Amino acid sequence: MKLDKIIAVRNSKTVYRDGNKCIKVFNEDYSKADVLNEALNQARIEETGIKIPKLLEVTMVDGKWAIVSEYISGKTLARLMEENPDKNDEYMNLFVDIQLDMHKKTCPKLNKLKDKMSQKISMANLDATTRYDLHSRLQDMPKHVKVCHGDYNPSNVIIADDGTPYIIDWAHATQGNASADAARTYLLFWLNGNIEGAEQYLDLFCKKGNVEKQYVQKWMPIVAASQSVKGNEREREFLLSWVNVVEYQ
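Residues numbered from 1 in each chain as written. Predicted model: local features only at pLDDT ≥ 70, side-chain atom pairs only at ≥ 80, totals over all residues. Heavy atoms only, no water.

Colleague: So, the overall build of the chain: which residues are in play, and what are the values?
Modeller: Looking only at helices and strands, the chain features 9 helices and 10 strands. Computed over its C-alpha atoms, the radius of gyration of the chain comes to 18 Å, within 12% of the 18 Å expected for a compact globule of 249 residues. The principal-axis extent of the C-alpha atoms belonging to the chain is close to 55 × 40 × 35 Å. Long-range pairs, those at least 24 residues apart, make up 64% of the contacts in the chain between residues at least 6 apart in sequence. With 34 positive and 35 negative side-chain charges, the chain shows a spacing of 4 Å between the two charge centroids. (Helix = DSSP H or I, 4+ residues; strand = E, 2+ residues; numbered from the N terminus. Rg over C-alpha atoms; globule rule 2.2 N^0.38 Å. Contact = heavy atoms within 4.5 Å. Lys, Arg positive; Asp, Glu negative; His and termini not counted. Charge placed at Lys NZ, Arg CZ, Asp CG, Glu CD.)

Colleague: Tell me about empty space enclosed by the protein, and please be specific about residues and values.
Modeller: Taken as a whole and judged by the stated rule, the model has 1 cavity of 30 Å³ or more. Considering the residues around the largest cavity, the lining is formed by 16 residues, among which Leu113, Met117, Gly150, His172 and Gln227 are closest to the centre. Elements supplying a minimum of two residues to the lining of the largest cavity: helix H4 (113-123), helix H6 (178-191) and helix H8 (213-227). Tallying contributions element by element places H4 first for the lining of the largest cavity, with 4 residues. Along the lines of polarity and charge, the residues of the lining of the largest cavity split into 5 nonpolar, 6 polar and 5 charged. (1 Å grid on protein atoms, 1.4 Å probe; cavity = no way out; pocket = protein on both sides within 12 Å on 5 of 7 lines; lining within 4 Å. Points joined across faces, edges and corners; volume = space filled by probe spheres on them. Nonpolar A, V, L, I, M, F, W, Y, C, P; charged D, E, K, R; others polar.)

Without other data, these values stay purely geometric and don't point to any function.
Encoded structure:
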């Protein structure tokens, strides 16, 4: 494998292209279990029929774990939105449609969203009373088994050269409530400083999915708390500030 063409750099990984292969190389200190779980998620999602790059192998490169997948020639929705601001509404509609199609799928072997969130809330830097309240709210939320991406944002959707949309990066995939997945996407827009985009996204998701906006909003403190255990200090502070928002009626 040639690792001379970098296509993306993240905090804990670097992504390369080698011909028709995409090689995601993780840092040396990255958890082996997390790498294998991401590969397993990807393999399981493949079986649902959702359009994703095919998993080819899990290997080691210079002592680092790597996931090798099919390379999809195209552009991310984030890049298309940046290059064609006049088409923002068209792209945002497409972004929501792809997510709603994903939520129609089930994958019984995926980890459960509620279990993952419960573990994360227990680890959050919050007082015991707040954690108890969040755990109670989480358990009271309806239990669903829809495929949830967990990090669905325009950077994780590739529009192939032939127009086919592919969803990438399945490290956080679970089965659970689609509105929790939507709450996560809404917060990701906020984290990127795109508040207008966040509101446009939420309006479209609720309208197209026939979901009450207040219902998605009820998930936001729960999702924010569970996400606050990772990321940098600025992200943690932002997410924890959402934990204390007034409960929506």
